[in-house]
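# Report on the structure
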Amino acid sequence: MSKKTDRRLSRNTDRRRQAQAEAYVQENLRRCPICKTNPAEWTYDHVAFLEDRKVHCKCGSCGCVLSINYGDMRGVNGSAANEFLKGTASYDAMVRSVYGKKKGVTYVQILESGTCEAAEDTKGQEIPLEELKEMFW
């Protein structure tokens, strides 16, 4: 394969992963966990640094910005078979063990709290998605 073909395949893979990440957010965060707007209108920004890939989601109502690692979102980093074969040898598994993250749990980081002052205290922390959905009631 030529370098040009490799780059095109890489871009297609990146676009597919970005679309999968956005679909994951739409499915799992129908309501903004900060302001509880339903349905949430997210705008997305995809960030990549070496092996670390994240999606930043900004709520159209309150302006909060959430960050989710691709490795935390089931099915975004590859097929289920691919994830199974990588197992504990993957980069994401190594990072999880270093930071004490539980396997199979999606962690969300609040980058900006937007108009919600109560979320200001949790800014910068990684919180399990299910806990975050119930925090600001």
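Details of the structure are given in the entry above.
To start, this report covers the structure provided alongside it.

Rules used throughout
Residues numbered from 1 in each chain as written. Predicted model: local features only at pLDDT ≥ 70, side-chain atom pairs only at ≥ 80, totals over all residues. Heavy atoms only, no water. Pairing = 2+ DSSP bridges. Helix = DSSP H or I, 4+ residues; strand = E, 2+ residues; numbered from the N terminus. Axes fitted to C-alpha atoms, helices over the stretch in contact; angles between N-to-C directions. Core = buried A, V, L, I, M, F, W, Y, C linked by side-chain atoms within 4.5 Å. Buried < 20%, exposed > 50% of the residue type's maximum accessible area, 1.4 Å probe, protein only. Contact = heavy atoms within 4.5 Å.

### Here's the deal with the sheet that holds strand S1 (residues 42-49)
Strand order in the open sheet made by the five strands is S1-S2-S3-S4-S5, with antiparallel pairing throughout. Strands with a single pairing partner mark the edges of an open sheet, and in this sheet they are S1 and strand S5 (126-128). Between one strand and the next, the sheet's axes are offset by a mean angle of 30°, whatever the strand orientation.

### Observations regarding the environment of threonine 122
Within the element layout of this structure, threonine 122 appears in the loop between strand S4 (107-112) and S5. In this structure the C-alpha to C-alpha distance between threonine 122 and isoleucine 110, which are twelve residues apart in sequence, comes to 6.9 Å.

### With respect to the environment of lysine 58
Along the chain, the position of lysine 58 falls in strand S2 (residues 52-59). Considered as a pair, lysine 58 and glutamate 112 are 54 residues apart in the sequence and their alpha carbons are 8.8 Å apart.

### A few points about the nonpolar core
Counting 26 residues, the largest nonpolar core has Cys32, Ile34, Trp42, Val55, Leu66 and Met73 as its most contacted members. Broken down by secondary-structure element, the contributors of at least two residues to this core are helix H1 (3-28), S2, strand S3 (65-69), S4 and helix H4 (129-135). The residues contacting isoleucine 34, other than those within four sequence positions of it, are Cys62, Cys64, Leu66, Ile110, Ser113, Cys116, Ala119, Leu132 and Phe136.

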